[in-house]
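What follows is each chain in one-letter form.
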Amino acid sequence: MVTQEELIREARENGMELLPLEKDTYELFFGPQHMATENYSLILKMDGHRVVKAIANPGFLHRGFEKLAEYRPWHTNIALLLRICVPEPDVPEAIYSMAVDELMGWEVPERAQWIRTTVLEMARVSAYLFWMMGLSFKLGVYTAGQWAAAYRERFMALFEELTGARVYHIYTIPGGVRRDIPGDKWLRQLRDTVEYIKDKLKDFDNLVFENYITYRRLEGIGVMDKKFALNEGVTGPNLRATGVPYDVRRADPYLLYPELDFEVPVLKEGDALARALVRRFEFEQDLYILEQLLDMGPPSGPYKVDHPSLKALPRFRVPAGDAFAHVEATKGDFGAYVVSDGGNKPYRVQIRGPSIAHGIRVIEQLLVGARLADVPVILMSLDNCPPDIDR
Amino acid sequence: MKMESVKIAPEEKVRKKPSFLKPWMSLKYLFKKPVTIKIPYEETQIAEKYRGFHTLNWKTCIGCNMCGQICPARAIEMTWIEGEKRPHPKIDYGRCTFCQFCVDVCPTNALGHVEHYILTTEWKDEELELFDWVPLPEEMVRKFSDYRHPLAKIEKYEDGRVKYVLRDGSEFEFKILGYGLKPPAAAKPKPAAKSAEKKEEPNPGEKKE
């Protein structure tokens, strides 16, 4: 008869980890097929319907982005790196392009800056709609989830018109953007869409954010305090919900954000409800920013740097050096550190994703003591991007 | 970090009040039409410059392999065709990510794209082969307005001849001599050309430095 200790030791020798069985708990594999986890998995140790211990089990979407990026020409990497965050693919594109711009010493034309800012804000709005869909589904308010999916479709149509693709836009490139705005008709459509969504936000408020059931479900679960959040490198709305007014758009302004007016929401509780309310307010602010951008109007001029090296992209070379650029995504602080050795491929691309901070250590802590029914809600209130955790 | 410049939203604006009655207001949507589009009974409008299948102007293609070098998925293979001085790209839609960087880099604008995008098949082998083709000129692809692939059938013969049968019945025939960057000896069949291509593939970017 093999004892438990022997089995554990044998597993460890073979590079695996076996968890000892306990009398009162059972092990539950949560994901990756579970709809709430989105290709991300958790191993939960349960006592009845309470979580005793949660172990993150990521890696189902590992594609080795950072290593792959070292083997591809500079522009080609954009078609790869945007897959790090599917709901808002413009963010990895933008950070990579901004870092390469810095290495090249390029001042991006004003029109390109306007387009980049607009695209980033549109990505934020559509990502928040995606999140609203997820949260509503996990709360059981399927109606609101279907609405969010339908309204996101309007932004996808706008992206399709502007960039030529619906989900993977591959639009922002070093030196500017790939295409010009299709015309005034597109701007009018964008304004109409913003007005429309603003109008529909009231319905979301009625059904989700002012719903008594939502408060009963979200209040007091997944609580993190300020100190813990700062220690674990939590950023974005999750950090703002614990009382830290940190927003990259204000702390380290980029593109046109210094000229734009918006408010940063801060709440102190740090529970799932605070995170949801912070996100809801930011969604409103993003629509307001888009309105300001449309009032400003796109400046005239080129939409791309006029440089001879952009004519032959496979031979595009970047001078040796390193650069870091980061933007505020809906998930948090998204950054890219790019090192060049002067060749036609990057020497190293390091992505600082927000979800890796939220998705492994933080979620393991927050889930302790939670009910099984709250696990998807806590996961969704953190708004993780599984490809970013696995990378 | 310049904390002073951050405009913090007043807390009462961020907070909402829970309500019993407000969720019921959503019932008004019971009396409205659904937003769903019933595909395939209803048609969707695709954007004008949607990144779909490629087109190739065979007269202006100079076979520079820029498209093959920039392709992130390595979906492009240069193909030597009888009667053409320079090789033409062959695109494998099993790998293509539709990023259309190849269209951007084309120095003579020979490679282009149309908004046709439908990749669905009935999962038959001969249908899957359609999606690995040397793109045809734009006017031949644009004839079909239902966003599907223009080819109905690819007939391959042993001597390297290939016949593209379009969906309207018209035919397009040419002979493939070999693949790769170096011109194949016309007498030698494919295997010799393939080994030449294998040597070059690991570092296509460094060739022209």
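Quick notes on the rules
Residues numbered from 1 in each chain as written. Chains lettered and ligands numbered in written order. Predicted model: local features only at pLDDT ≥ 70, side-chain atom pairs only at ≥ 80, totals over all residues. Heavy atoms only, no water. Helix = DSSP H or I, 4+ residues; strand = E, 2+ residues; numbered from the N terminus. Buried < 20%, exposed > 50% of the residue type's maximum accessible area, 1.4 Å probe, protein only. Areas by Shrake-Rupley, 256 points an atom, 1.4 Å probe, with all protein chains shown as cover. Salt bridge = Lys/Arg side-chain N within 4 Å of Asp/Glu carboxyl O. Pairing = 2+ DSSP bridges. Contact = heavy atoms within 4.5 Å. Buried area = accessible area lost by both parts, 1.4 Å probe. Polar contact = N/O pair within 3.5 Å; in protein donor to acceptor, adjacent residues only side chain to side chain. Nonpolar A, V, L, I, M, F, W, Y, C, P; charged D, E, K, R; others polar. Axes fitted to C-alpha atoms, helices over the stretch in contact; angles between N-to-C directions. Parallel < 35°, antiparallel > 145°, perpendicular 65-115°, else oblique. Left-handed = near helix turned anticlockwise from the far one by under 90°. pLDDT = per-residue confidence, 0-100. Core = buried A, V, L, I, M, F, W, Y, C linked by side-chain atoms within 4.5 Å. Expected span 1.5 Å × (residues − 1).

Another point: the overall build of chain B. Assigned secondary structure in chain B consists of six helices and eight strands. Listed by position from the N terminus, the elements making up chain B come as α-β-α-β-β-α-β-α-β-α-β-β-β-α. Looking at chain B as a whole, 42% of its 209 residues are labelled buried. Of the roughly 13,100 Å² of accessible surface on chain B, a fraction of 53% belongs to carbon and sulfur atoms.

Turning our attention to the pattern of salt bridges. Residues and elements named next belong to chain A. Going through the model one piece at a time under the given rule, you end up with 50 salt bridges over all chains. One salt bridge connects Arg 124 with Asp 286, and the closest N-O pair in it is separated by 3.0 Å. Of this pair, Arg 124 sits in helix H5 (residues 110–139) while Asp 286 sits in helix H12 (residues 272–296), and the two are 162 residues apart along the sequence. Grouping residues by exposure puts Arg 124 and Asp 286 together as buried. Salt-bridge contacts for Glu 160 lead to Arg 166; the nearest nitrogen and oxygen are separated by 3.5 Å. Assessed through its relative accessible area of 5%, Glu 160 is described here as buried. Of the residues examined, Arg 166 reaches a relative accessible area of 28% and is grouped as partly exposed. A cluster of three or more residues bridged by salt bridges with shared partners is formed by Glu 121, Arg 124, Arg 240, Asp 247, Arg 249, Glu 282, Asp 286 and Glu 328.

Next up on the list: the environment of Glu 284 of chain A. Residue position: Glu 284 of chain A is located in helix H12. Distance in space between the C-alpha atoms of Glu 284 of chain A and Leu 239 of chain A is 18 Å, their sequence separation being 45 residues.

The next thing to look at is the pairing of strand E2 (residues 76–81) of chain B. Residue and element names in this part refer to chain B. Across the six residues of E2, five count as buried, placing the element largely inside the fold. What sits between the antiparallel neighbours E2 and strand E3 (residues 88–92) is a turn of six residues, in which Gly 83 has the positive phi angle 95 degrees. When E2 meets strand E8 (residues 171–179), the two strands line up antiparallel, connected through three bridges. Residue Trp 80 lies in a different strand from E8, and its bridge partner there is Gly 178.

Taken together, six strands build an open sheet; the order of strands is E5-E3-E2-E8-E7-E6 (chain B) and the sheet is antiparallel. Bordering the open sheet on either side are strand E5 (132–133) and strand E6 (151–156) of chain B, each of which pairs with just one other strand.

Looking now at the interface of chain B and chain A. Contact with chain B, which involves 48 residues of that partner, is made by 58 residues of chain A. Each partner contributes to the roughly 4,600 Å² buried at the junction of chain B and chain A, and carbon and sulfur atoms together form 57% of this total. Remark: the boundary between chain B and chain A carries nine salt bridges. A salt bridge links Lys 7 of chain B to Asp 261 of chain A; the shortest N-O distance between them is 2.7 Å. For the pair chain B and chain A, the number of links is 22 residue pairs in polar contact (both at pLDDT 80 or more). Broken down by secondary-structure element, the contributors of at least two residues to the side of chain B that touches chain A are helix H1 (11–14), helix H2 (66–70) and helix H3 (101–105) of chain B. Per-class residue counts for the side of chain B that touches chain A are 23 nonpolar, nine polar and 16 charged.

With that settled, consider the packing of H5 of chain A against H12 of chain A. Residues and elements named next belong to chain A. Where H5 contacts H12, the axes come no closer than 10 Å and their chain directions differ by 150 degrees. As far as their axial angle goes, H12 and H5 are roughly antiparallel. When you trace H5 past H12, the crossing you get is left-handed. In contact with Trp 114, Thr 117, Thr 118, Glu 121, Met 122, Arg 124, Val 125, Tyr 128, Leu 129, Trp 131, Met 132 and Leu 135 of H5, H12 contributes Ala 276, Arg 279, Glu 282, Phe 283, Asp 286, Leu 287, Ile 289, Leu 290, Leu 293, Leu 294 and Met 296. Across the contact of H5 with H12, the residue classes break down as 16 nonpolar, two polar and five charged.

Once that is clear, we can look at the sheet that holds strand E7 (residues 333–340) of chain A. Residues and elements named next belong to chain A. Strand order in the open sheet formed by three strands is E6-E7-E8, with antiparallel pairing between adjacent strands. Each edge of the open sheet is held by one strand with a lone partner, namely strand E6 (321–328) and strand E8 (348–352). Neighbour-to-neighbour, the strand axes of the sheet open up by a mean angle of 10 degrees, direction not taken into account. Pairing between E7 and E8: five bridges, direction antiparallel.

Right, let's get into the confidence of the model for chain B. Residue and element names in this part refer to chain B. For chain B, mean pLDDT is 80; residues scoring 70 or higher make up 87% of the total. Between residues 196–209, whose pLDDT stays under 50, and residues either more than four places distant or in other chains, the model counts 15 contacts. Per the prediction output, this complex has pTM 0.87; the corresponding ipTM is 0.80.

Residues and elements named next belong to chain A. Take Asn 238: it is sitting in helix H10 (residues 237–240). Among the polar contacts made by the side chain of Asn 238, one reaches the side chain of Arg 279 at a distance of 3.0 Å. With sequence-adjacent residues up to four places away left out, Asn 238 is seen in contact with Met 224, Arg 275, Arg 279, His 358, Ser 381 and Leu 382.

Attention shifts here to the nonpolar core. In this structure, Leu 42, Leu 44, Leu 129, Phe 155, Phe 204, Phe 283 and Phe 334 of chain A are the most contacted members of the largest nonpolar core, which totals 139 residues. Element by element, the count of residues in this core is highest for H5 of chain A, at 14 residues. Beyond its immediate chain neighbours, meaning those up to four positions away, Phe 283 of chain A contacts Val 125, Tyr 128, Leu 129, Met 132, Ile 197 and Leu 201 of chain A. Leu 56, Ile 81, Phe 98 and Cys 102 of chain B belong to the second largest nonpolar core, which has 38 residues in total.

Along an α-helix, residues three or four positions apart point the same way, because every turn accommodates 3.6 residues. Residue and element names in this part refer to chain A. Taking 1.5 Å of rise per residue, the 15 residues of helix H4 (residues 90–104) would be expected to cover 21 Å, and the 21 Å separating its terminal C-alpha atoms lies within 8% of that figure. Across the 15 residues that make up H4, a large majority, 14, are buried. Of the residues flanking the end of H4, it is Gly 105, one or two places downstream, whose phi is positive at about 75 degrees.

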